[in-house]
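# Structural features, examined
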Amino acid sequence: MLNNLLYTKECDIIYPMKTNLKKLLKYIQQEHKLIAPIKKDHGVFLSQTKDLNKIILSSQLTENSFKDFLFPQEQELFDFKGAELVKPKQYTAPGLALFGISIIDLRALSLYAQVFRHDPYFQARGNNTIVIGYLKVATPDQTFGIFKERLEEDTLEHLEFDVFVLDSNTGLHFFSGSPKGQKALTQAGIEDFENVEYVGPVKESGLDQTMVANYKKVKNSFKTHRKLWEELGKRCLACGKCSLVCPTCFCFSTHYKFGQKKKTGKKVLNWDTCFYSEFSRVAGGHKFLDTVAKRIFFWYEHKFVRIPDELSIPGCVGCGRCIKVCPVAIDISRVLAELGKPVSKLASRKTLKKKKS
Ligand code: SF4
Ligand code: SF4
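As the structure is a computational prediction, the values presented were derived from the model and not from experiment.

### Describing the side chain of Thr-62
Secondary-structure assignment places Thr-62 in the loop between strand S4 (43-48) and helix H2 (67-70). Look at Thr-62 and you get buried, because its relative accessible area is 6%. Within the local environment of Thr-62, its side chain forms a polar contact with the backbone oxygen of Asn-64, the two atoms lying 2.7 Å apart. The residues touching Thr-62, leaving out its near neighbours within four places in the chain, are Pro-37, Val-44, Phe-45, Leu-46, Asp-105 and Arg-321.

Structure representation (structure tokens):
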């Protein structure tokens, strides 16, 4: 029996895949490219696999998120020939099955669905993808992410997914969140599942209290906590790594790639981030985010103030990936804690760094 257990570096127990889940994934693999959590040198990543035995079933968040697949770093938008638009490129990649998407990342996916609701490229990709959420619960009071969320009775109603698999000590529980999910479960021979109706990304009661508190802390803080933002601006390298891994960062820029034949080429979209100096350049060459302090504040303001204002949903899901990758140890939860203090009680630069684990 002991041979059936593997241990990750973090000592998380990885159980062998249970029969019903195997049946589901085998069925889905027939028509989809399977993307699932796979162990690599530097952690567990969502990656393509044909081998179900390589899939890591754990409560850990993957290092990357769904964004790499549903909103790739580079996308071709259309070809052109002289002044003529040859034809917009429709997204025709094979269907994807994204398995192992955590509750936290499903929340981020809801944000993407809102932001890109009129984007034909994102929509086409989404229609071609089956999303299978997964949660391994070790104890009933387990919390998730830096905001210490819990699994509530109505959590799944506010998440968009096709299938959700809850893996608890009472066994595997399957939920369908769409007709696509119902079909997959039925065709895979899983009869015992529950249908969950999606009722929108936010609970009837609105943003949860932690997010309301964060909204208040960040709003106008460039004036009230100017010194803190300036300290962060001195430390931040503006490398943009936090933005690249963040499942809620969706900013992009577009540019042309010229072909070998005269006057031909493509228009291409690439991820971009407000940490980069060129991001805020406008006509006439003016950059309205001309210091790193302004840029780092702008990033927080987008997540905690502007997204909630515009879409009534949080712009940060508390995954903590930005903390993990920051080369100078800027920790979003420590920054938010500092913003909650009166200016006279602010910590020094040193204490703003992430806690040693
Ligand atoms: S914790 Fe960091 S990486 Fe995760 S959603 Fe929030 S800002 Fe993005
Ligand atoms: S990862 Fe850290 S240093 Fe790099 S842009 Fe983000 S906050 Fe700044």
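Now, onward.
### A short note on the nonpolar core
Leu-106, Phe-161 and Phe-164 are the most contacted members of the largest nonpolar core, which has 39 residues in total. Listed by contribution, the elements that provide at least two residues to this core are H2, strand S7 (96-101), helix H3 (103-115), helix H4 (120-127), strand S8 (129-136), strand S11 (163-168), strand S15 (264-271) and helix H10 (292-311). No other element matches the seven residues that H3 contributes to this core. Mapping this core onto the domain boundaries places at least three of its residues in each of domain 1 (8-195) and domain 2 (209-352). Among residues more than four places away in sequence, those in contact with Phe-164 are Ile-103, Leu-106, Gly-133, Tyr-134, Leu-135, Leu-156, His-173, Phe-174 and Phe-175.

### Here's the deal with the site of ligand 2
In the vicinity of ligand 2, the contacting residues are Cys-236, Leu-237, Ala-238, Cys-239, Gly-240, Lys-241, Cys-242, Phe-275, Cys-326, Pro-327, Val-328 and Ile-330. Comparing atom positions with the cavity grids shows ligand 2 to sit within the largest cavity.

### Considerations on H4
Taken residue by residue, H4 has Tyr-121, Phe-122 and Arg-125 as its buried positions. End-on view of H4: buried residues confined to an arc of 95°, all on one side of the axis. Exposed side chains of H4 directed beyond 90 degrees from the buried face belong to Pro-120 and Asn-127. Residue Asp-119 occupies the N-cap position of H4, its side-chain oxygen lying 2.7 Å from the main-chain nitrogen of Tyr-121.

### Some thoughts on the sheet that holds strand S3 (residues 33-40)
With mixed pairing, the seven strands of this open sheet are ordered in space as S4-S3-S7-S8-S11-S12-S13. Each of the sheet's edge strands pairs with one partner strand only, and the pair in question is S4 and strand S13 (193-195). Across the sheet, the axes of successive neighbouring strands diverge by a mean angle of 25°, strand direction being ignored. Note: S3 against S7, three bridges, orientation parallel. Looking at S7, one finds that Leu-34 is bridged to Ala-97. Together, S8, S11, strand S12 (171-176) and S13 form the strand contacts of helix H5 (residues 179-187), whose direction differs from that of S12 by roughly 135°.

Definitions and limits used
Residues numbered from 1 in each chain as written. Chains lettered and ligands numbered in written order. Predicted model: local features only at pLDDT ≥ 70, side-chain atom pairs only at ≥ 80, totals over all residues. Heavy atoms only, no water. Helix = DSSP H or I, 4+ residues; strand = E, 2+ residues; numbered from the N terminus. Buried < 20%, exposed > 50% of the residue type's maximum accessible area, 1.4 Å probe, protein only. Polar contact = N/O pair within 3.5 Å; in protein donor to acceptor, adjacent residues only side chain to side chain. Contact = heavy atoms within 4.5 Å. Core = buried A, V, L, I, M, F, W, Y, C linked by side-chain atoms within 4.5 Å. Domains from an automatic or database assignment. Near = heavy atom within 4 Å. 1 Å grid on protein atoms, 1.4 Å probe; cavity = no way out; pocket = protein on both sides within 12 Å on 5 of 7 lines; lining within 4 Å. Sits in = over half its atoms within 2 Å of the grid points. Arc of directions from axis to C-beta. Pairing = 2+ DSSP bridges. Axes fitted to C-alpha atoms, helices over the stretch in contact; angles between N-to-C directions.

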